[in-house]
There are 2 protein chains.
Amino acid sequence: MRTVSTIQELRTALKNIRPQKIGFVPTMGYLHEGHISLVKKARETADFVVMSIFVNPLQFGPNEDLDSYPRDLERDSQLAVEAGVDLLFFPSVEEMYPTGSRTIVSVHEITDALCGASRPGHFDGVATVVLKLFNIVSPDYAFFGMKDAQQVAVIMQMVRDLNMQVEVIPCPIVREADGLALSSRNVYLSEEARTQALVLSRALAEAQQLLGKGERNVAALRQAMETVIGTSPLAEIDYIELRSYPDLQLTDELAGTCLIALAVRFGTTRLIDNILIEVAKEEAACSVR
Amino acid sequence: MRTVSTIQELRTALKNIRPQKIGFVPTMGYLHEGHISLVKKARETADFVVMSIFVNPLQFGPNEDLDSYPRDLERDSQLAVEAGVDLLFFPSVEEMYPTGSRTIVSVHEITDALCGASRPGHFDGVATVVLKLFNIVSPDYAFFGMKDAQQVAVIMQMVRDLNMQVEVIPCPIVREADGLALSSRNVYLSEEARTQALVLSRALAEAQQLLGKGERNVAALRQAMETVIGTSPLAEIDYIELRSYPDLQLTDELAGTCLIALAVRFGTTRLIDNILIEVAKEEAACSVR
């Protein structure tokens, strides 16, 4: 695996790869099994795998964890090699934003709710940096984890709206054995919070079970999830949302492809989790996608 | 010359052109010698010339001339053939915006003044459609007329900020023999307004002459230009601006590369014109770029 930190080096390194297919895994580093699963999928799909590690200041709000976001390039490099990354792109902030960021890409409507509502400007930062990275790498395929389901919806919408020639491939959430969705931010959790953080996946399982029993009412499902979260004294709900996916429209009764998503704070650490579920009309069975 | 109206046809047609270089001339049609000069430059620079004709709704304000904007594909096609266009892309609004336009590209700061101030949202529409067209055509070079000097600055900034791999080539303003800058909108002018519209180029010439005599004070130069415009009873000044270029910063005393730009209304028709000038410090000579 080669590591480059400038756009020029990256472009030179990729010059002779085509017509082989390039798979791209953009990350903020501090890699875990979720990232590794994206690399595996990229290895299956493409001939050459590029990973980027860039903690993008543009997607962090003024009171968020930009400075404390965990970073460990040495460990990440080793994990990337083992996973089968061919080229690691590790640019500095100055390399990515040499003159600040006058140009901003905004995906409207679907960023109004969920994490978009809790983190104003977050998805502008995500869309802008992902578009830049796509222009730098020119990948055939790009791989994103469904843990950030709204991010996946935003990027797919952007790619479609802006006629970008990359196929976005969403990959399933990877969880710990006990159900906690993997996240670089899990490292912030105290032992106590780590244990209580299981309420996220349990609340989703509860909603799924109720759906299986025929419950379609959004208010009832949300109430049941709130009750599960309420069993954790440390947990503070940011949002619980049940919406159509990927257009993220509100509805009273779930039907079709739906996202059940939640964000919960444990002190200063904010965790998110979700399930994407195919909700059958009436009382037929539902299937997790 | 071939004409295509879908993105798929265009991409298929361009598939086997590379590694030859593609030059791209995006237009809103109703072609005049200004557009033709862009095609000539594209022919000199690239191996294959693509022109687009698309009256982009996204860059027109609610009270602007979207519906009345002059259109004549037959005449345009003939002029494009004669000028040496290889492929004409003439998409419908539905082809370009099949699901509306949720994703918007905004270039901040340099769009606050001049036409950006007079036409809110205009440059968001320009940046978004140009980015889409660049993604559709994937040109090596793109050619824009300097009559829209702020547009050129916006597009160059966007290309740089978003790491797009296209070289933007600004081309000089083309004028009628009497000095009027060519514009598809000149067709709106009554005979009387057409005669009086010469005040735009005359005001620019006046400013240039004063600069040649050593005047550097922006207020004095603007005053002299206002006086020239004032000789036309039909003319109504939208703006007269003297700024650094391409960053469009305000200054009291001109120095370095400067844009002198103005927008003037004749009834409902709004005309723009400008000169880009290299202003020497002190009283040395100035040169028009």
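Predicted, not measured: the structure shown is a model, and the values here were computed from it.

Asker: Sorry if this is basic, but what is going on with the overall build of chain A here?
Answerer: Across its full length, chain A holds 10 helices and 11 strands. Compactness check: chain A gives a C-alpha radius of gyration of 19 Å against a globular reference of 19 Å for 289 residues, within 12% of the reference. Counting all 289 residues of chain A, 56% fall into the buried class. Intrachain contacts of chain A at a sequence separation of at least 6 include 71% that bridge at least 24 residues. Taken as a whole, chain A presents about 12500 Å² of accessible surface, with 49% of it coming from carbon and sulfur. Of the side chains in chain A, 27 bear a positive and 38 a negative charge, and the two mean positions are spaced by 4 Å.

Asker: Would you take a moment to explain the packing of aromatic side chains for this structure?
Answerer: When we look at a pair of aromatic rings, we describe it by the centre distance and by the angle of the planes. Applying the stated criterion to the full structure yields 8 aromatic pairs over all chains. Look at Phe54 of chain A and Tyr97 of chain A: their rings are 6.2 Å apart centre to centre, the planes differ by 45 degrees, and that puts the pair in the tilted class. Placement of the pair is Phe54 of chain A in the loop between strand S3 (48–53) and helix H3 (73–83) and Tyr97 of chain A in the loop between helix H4 (93–96) and strand S5 (103–107), with a sequence separation of 43 residues. Each of the two residues, Phe54 of chain A as well as Tyr97 of chain A, counts as buried. Where Phe60 of chain A meets Tyr69 of chain A, the ring centres are 5.9 Å apart and the plane angle is 80 degrees; that geometry is what we call edge-to-face. Taking the relative accessible area as the measure of exposure, Tyr69 of chain A reaches 7% and is therefore buried. Taken together, Phe24, Phe134 and Phe144 of chain A form an aromatic cluster joined through their ring pairs. Over the ring of Tyr30 of chain B we find Arg75 of chain B; its NZ or CZ atom is 5.0 Å from the centre of that ring.

Asker: I keep staring at the interface of chain A and chain B and nothing clicks. Help me out?
Answerer: You'll often see interface size given as the accessible area lost when the parts meet. Across the boundary between the two partners, chain A contributes 27 residues, which contact 27 residues of chain B. Here chain A packs against chain B, burying approximately 2400 Å² in sum over the two surfaces, 42% of which is carbon and sulfur. The largest share of the area that chain A buries against chain B comes from Arg102, Thr103 and Asn163 of chain A, three residues that together contribute 33% of it. Across the contact surface, chain A and chain B share 2 salt bridges. With a closest N to O distance of 3.4 Å, Glu109 of chain B and Arg102 of chain A form a salt bridge.

Asker: Looking at this structure, I do not really get the UniProt feature "binding site: (R)-pantoate" (unreviewed entry) in chain A. What am I missing?
Answerer: All names here are of chain A. The feature "binding site: (R)-pantoate" (unreviewed entry), as given by UniProt, occupies Gln59 and Gln151 in the numbering adopted here. Taken along the chain, the residues just named run across 93 residues; in space they keep tight, none of their C-alpha pairs more than 11.4 Å apart. Mapping Gln59 onto the fold places it in the loop between S3 and H3. The residues touching Gln59, leaving out its near neighbours within four places in the chain, are Met28, Glu64, Arg119, His122, Gly125, Val126 and Val129. Within polar-contact distance, the side chain of Gln59 engages the side chain of Asn56 at 2.9 Å. Mapping Gln151 onto the fold places it in helix H7 (residues 149–161). For Gln151, a relative accessible area of 15% puts it in the buried group. Every residue in contact with Gln151, bar those within four places of it in the chain, is listed here: Phe123, Val126 and Phe144.

Asker: What am I meant to see in the UniProt feature "binding site: beta-alanine" (unreviewed entry) in chain A here?
Answerer: The UniProt entry lists Gln59 of chain A under the feature "binding site: beta-alanine" (unreviewed entry), expressed in the numbering used here. We classify Gln59 of chain A as buried; its relative accessible area is 9%.

Asker: Looking at this structure, I do not really get helix H7 (residues 149–161) of chain B. What am I missing?
Answerer: Because the α-helix completes a turn every 3.6 residues, residues three or four places apart line up on one side. All names here are of chain B. With 13 residues, H7 extends 18 Å between its outermost C-alpha atoms, agreeing within 8% with the 18 Å of an ideal straight helix rising 1.5 Å per residue. Burial within H7 is extensive, with 11 of its 13 residues counted as buried. A positive phi of about 55 degrees marks Asn163, the residue just after H7.

Rules behind the numbers
- Residues numbered from 1 in each chain as written.
- Chains lettered and ligands numbered in written order.
- Predicted model: local features only at pLDDT ≥ 70, side-chain atom pairs only at ≥ 80, totals over all residues.
- Heavy atoms only, no water.
- Helix = DSSP H or I, 4+ residues; strand = E, 2+ residues; numbered from the N terminus.
- Rg over C-alpha atoms; globule rule 2.2 N^0.38 Å.
- Buried < 20%, exposed > 50% of the residue type's maximum accessible area, 1.4 Å probe, protein only.
- Contact = heavy atoms within 4.5 Å.
- Areas by Shrake-Rupley, 256 points an atom, 1.4 Å probe, with all protein chains shown as cover.
- Lys, Arg positive; Asp, Glu negative; His and termini not counted.
- Charge placed at Lys NZ, Arg CZ, Asp CG, Glu CD.
- Phe/Tyr/Trp six-rings, centres within 6.5 Å; stacked < 30°, edge-to-face > 60°.
- Lys NZ or Arg CZ within 6 Å of the ring centre and 35° of its normal.
- Buried area = accessible area lost by both parts, 1.4 Å probe.
- Salt bridge = Lys/Arg side-chain N within 4 Å of Asp/Glu carboxyl O.
- UniProt positions renumbered as here; feature names shortened; annotations may be inferred.
- Polar contact = N/O pair within 3.5 Å; in protein donor to acceptor, adjacent residues only side chain to side chain.
- Expected span 1.5 Å × (residues − 1).

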